[in-house]
Amino acid sequence: ENKSRFIFMGAAMMHTLDARILLRDGPHDVQSILKLQEAIYTDALSDKRENPCALFVEHPHVYVCPEDKMLDLRTLVRSRKSDGSLNLPAPLIGVKRTSGSITYHGPGQLVCYLVINLANEGFHPFMMSGLIDDVIIAALSRFSIRAQKKPAGYPTEASGVWVLHSDIHGDMYKKIASRGISINRGVTRFGFALNVNTDLSYFDYIYPCGLKDMRMTSMEQLSRTRFPVEDVALCLVEELREAIQKK
C-alpha cells in the first residue's frame, strides 16, 4: 500500500489528503472496496474524519451498473445469447451510485474513489465534475496525451474525458475516462475510472454510459506504450492536490 499525504487548504481549515494507492496487492474486488469506501464515508458524515480521502485501485474484470438501472438492461447491454439472456464475459453487479450508467472495470484501468466532505473543503457540489475532469486532463498531459471535456453537441450522458483519435478510418472522439460521483449529505462517494492499459474489448459487450455510438480508448492505445499504473496514480494525486489548492 502506497500512502501519500498532501496539504489541502479548505475554506477555513487545513487538511491532509489521505491518498491510498492500493495497487501492489493486485486487483481488488468491487465489493471489498465499496465496503472500505462506505466506512470512510460514514466517518466523514459523523465528523470522525476531517481529511478527504482518495482510493486508487484496479478491479478484476467486472461490469457495474447503478441499481436503479439494473431493472431494464435492454438498452445497456449490446451482446445477448440466442435465448435473449445477457452475454457478458464478466460478472455484472449493481451499485448504489446515483449518477452514470453501466460500465466496465478491469486490470489496467485505474479507478479512483473519492470521499470528500464538501463543506470542510469549501466546495460547491457543482464544482466536483469539472474538477475531476481537469485533474484527469492535466495528468494525461504529462504523458503527452491531449484530452478534453465532453465535445460540443454531445449529450449529458457523455460526461467524462475524451480524446480526438485519428486512424485509418479518420478522426473520431473516443472516451478515455468516465466519472460518476454521488453526493449525499454533503459528502462524495465513487469517482472516476481512467483507461491506462485496459483490455478495451470488454466494452464491446455493453453500451458504455448507455450511449450506442460511443467508443472507448486507453493511454496504451493512443501512445502504443504500456504505462505503470502506479505512476499514473501518483500523477493524479499530485494534480488532485494542485486543483483543490487553486479552487
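Note that the structure is a prediction, hence the values are computed from the model and not measured. (Residues numbered from 1 in each chain as written. Predicted model: local features only at pLDDT ≥ 70, side-chain atom pairs only at ≥ 80, totals over all residues. Heavy atoms only, no water.)

Q: Help me understand the pattern of salt bridges, please; the structure alone is not making it clear to me.
A: Once the charged atoms of two side chains with opposite charge are near each other, the side chains can pair. Applying the stated criterion to the full structure yields eight salt bridges. Here arginine 20 makes a salt bridge to aspartate 18, at a shortest N to O gap of 2.9 Å. Residue arginine 20 shares its accessibility class with aspartate 18, and that shared class is buried. Among the ionic pairs, glutamate 239 bridges to arginine 142, the shortest N-O distance being 3.0 Å. Taken together, the positions of glutamate 239 in helix H5 (residues 229-246) and arginine 142 in the loop between helix H3 (127-141) and strand E8 (161-167) put the pair 97 residues apart, joining distant regions of the chain. (Salt bridge = Lys/Arg side-chain N within 4 Å of Asp/Glu carboxyl O. Buried < 20%, exposed > 50% of the residue type's maximum accessible area, 1.4 Å probe, protein only. Helix = DSSP H or I, 4+ residues; strand = E, 2+ residues; numbered from the N terminus.)

Q: Help me out: how do you make sense of the pairing of strand E9 (residues 170-184) in this one?
A: Side chains on a regular strand alternate between the two faces of the sheet. Sheet topology note: the E8/E9 ladder contains seven bridges and is antiparallel. Bridge assignment links valine 163 to a residue of E9, and that residue is lysine 174. In this antiparallel pair of consecutive strands, E8 and E9, the connection spans two residues. One ladder, built from eight bridges, connects E9 with strand E10 (residues 187-195); its direction is antiparallel. Note on E10: the bridge partner recorded for asparagine 184 is valine 187. Linking E9 back to E10 in an antiparallel pair, the connection comprises two residues, with arginine 185 at a positive phi of about 55 degrees. (Pairing = 2+ DSSP bridges.)

Q: Explanation requested: the environment of alanine 54 in the structure shown.
A: Relative to the elements of secondary structure, alanine 54 occurs in strand E3 (residues 53-57). When its relative accessible area of 0% is taken as the criterion, alanine 54 is described as buried. Separated by 33 residues in the primary sequence, alanine 54 and isoleucine 21 have C-alpha atoms spaced 8.3 Å apart.

Q: Please explain the packing of aromatic side chains as it appears in this structure.
A: Each pair of aromatic rings is reported with the distance of its centres and the angle of its planes. Across all of its chains, the model carries seven aromatic pairs by this definition. Aromatic pair tyrosine 63 and tyrosine 104: ring centres 5.6 Å apart, planes at 55 degrees, arrangement tilted. Placement of tyrosine 63 in strand E4 (residues 62-66) and of tyrosine 104 in strand E6 (residues 103-105) is noted, with a sequence separation of 41 residues between them. The same class applies to tyrosine 63 and to tyrosine 104, which are both buried. On the numbers, 4.9 Å between centres and 15 degrees between planes, the contact of tyrosine 104 with tyrosine 202 is stacked. On the criterion of sequence distance, the pair formed by tyrosine 104 in strand E6 and tyrosine 202 in the loop between E10 and helix H4 (219-223) is long-range, its members being 98 residues apart. Side by side, tyrosine 104 and tyrosine 202 carry an identical accessibility label, which is buried. (Phe/Tyr/Trp six-rings, centres within 6.5 Å; stacked < 30°, edge-to-face > 60°.)

Q: Help me out: how do you make sense of the side chain of serine 218 in this one?
A: Within the element layout of this structure, serine 218 appears in the loop between E10 and H4. Classification of serine 218 as buried rests on a relative accessible area of 2%. Apart from residues no more than four positions distant in its own chain, serine 218 is found in contact with Ile176, Asn195, Val196, Thr198 and Leu200. (Contact = heavy atoms within 4.5 Å.)

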